[in-house]
Amino acid sequence: KSSEGGNDDDGQSPSSAPPKPHEVNFEKLRTSDLPYQKNDELMSHDAAVLALAVSRDGTMLASACAHGTISVWRLETGRLLRRIERAHGGSSAKDGAAVTCLEFSPDSSRVLSGGHDATVREHGLLSSRMMKQFVGHASYVNCASYVALPDFLSNDDEADAVDDPLSKD
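Scoring rules and cut-offs
- Residues numbered from 1 in each chain as written.
- Predicted model: local features only at pLDDT ≥ 70, side-chain atom pairs only at ≥ 80, totals over all residues.
- Heavy atoms only, no water.
- Pairing = 2+ DSSP bridges.
- Helix = DSSP H or I, 4+ residues; strand = E, 2+ residues; numbered from the N terminus.
- Axes fitted to C-alpha atoms, helices over the stretch in contact; angles between N-to-C directions.
- Disulfide = S-S within 2.5 Å.
- Buried < 20%, exposed > 50% of the residue type's maximum accessible area, 1.4 Å probe, protein only.
- Contact = heavy atoms within 4.5 Å.

Draft legend 1. Molecular detail of the sheet that holds strand β4 (residues 80-84). The strand order across the open sheet formed by 4 strands is β1-β2-β3-β4, and the pairing between neighbours is antiparallel. The sheet is open, and its two edges are formed by β1 (49-54) and β4, each paired on a single side. Along the sheet, successive strands turn relative to each other by an average axial angle of 15°, direction set aside. With 5 bridges connecting them, strand β2 (residues 60-65) and strand β3 (residues 70-74) associate as antiparallel partners. In the strand pairing of β3, Ser-63 is matched with Ser-71.

Draft legend 2. Local environment of the state of the cysteines. The tally for this structure, following the rule as stated, stands at 0 disulfides. Considering cysteine sulfurs only, Cys-101 is the nearest to Cys-143, which forms no disulfide, with 6.0 Å between them. For Cys-143, a relative accessible area of 66% puts it in the exposed group.

Draft legend 3. Summary view of the environment of Leu-81. Mapping Leu-81 onto the fold places it in strand β4. In sequence terms Leu-81 and Leu-126 are 45 residues apart; their C-alpha atoms lie 9.8 Å from each other.

Draft legend 4. Spotlight on the environment of Gly-115. Looking at the secondary structure, you find Gly-115 in strand β6 (residues 110-115). By relative accessible area, which is 0% here, Gly-115 ends up buried. Along the backbone, Gly-115 and Ala-87 are 28 residues apart, and their C-alpha atoms lie at a distance of 8.8 Å. Beyond its immediate chain neighbours, meaning those up to four positions away, Gly-115 contacts His-88, Ala-98, Val-99, Thr-100, Tyr-140 and Val-141.

Listed below in structure tokens is the structure:
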């Protein structure tokens, strides 16, 4: 990007108000770009952070750690919105299994996670509770994602059969 009007090379004036999360250039984020960072109020976990996800509207950050905790933060303020302890099962009563991947649902009302307990779980952010669990993996789950289904795979009462283009001559 070229700089305009005396702004820094990231296109933001150093004297202007803090940028909104959707305006932040995450590739050039500095430790003083957001108000809570200037006061050394950092978003953190008690164990190593293994996964991060940003909501589609850019307002929230989900982070997950080796102790099985998922935290959801408001990016603009650094405020903790939700903390889900032991989001994945573990062998000890204190710690859960490590959470290795995260993704927000398209409407940002849920978060999908995978972990060292060989499960994928969906957590509602309103209740902070597990809504669904997907089991059957032989080992750790390192990637989980929401996928939009094509119209021909949707659960439509009017569609009794899938029109297979390969079955036609």
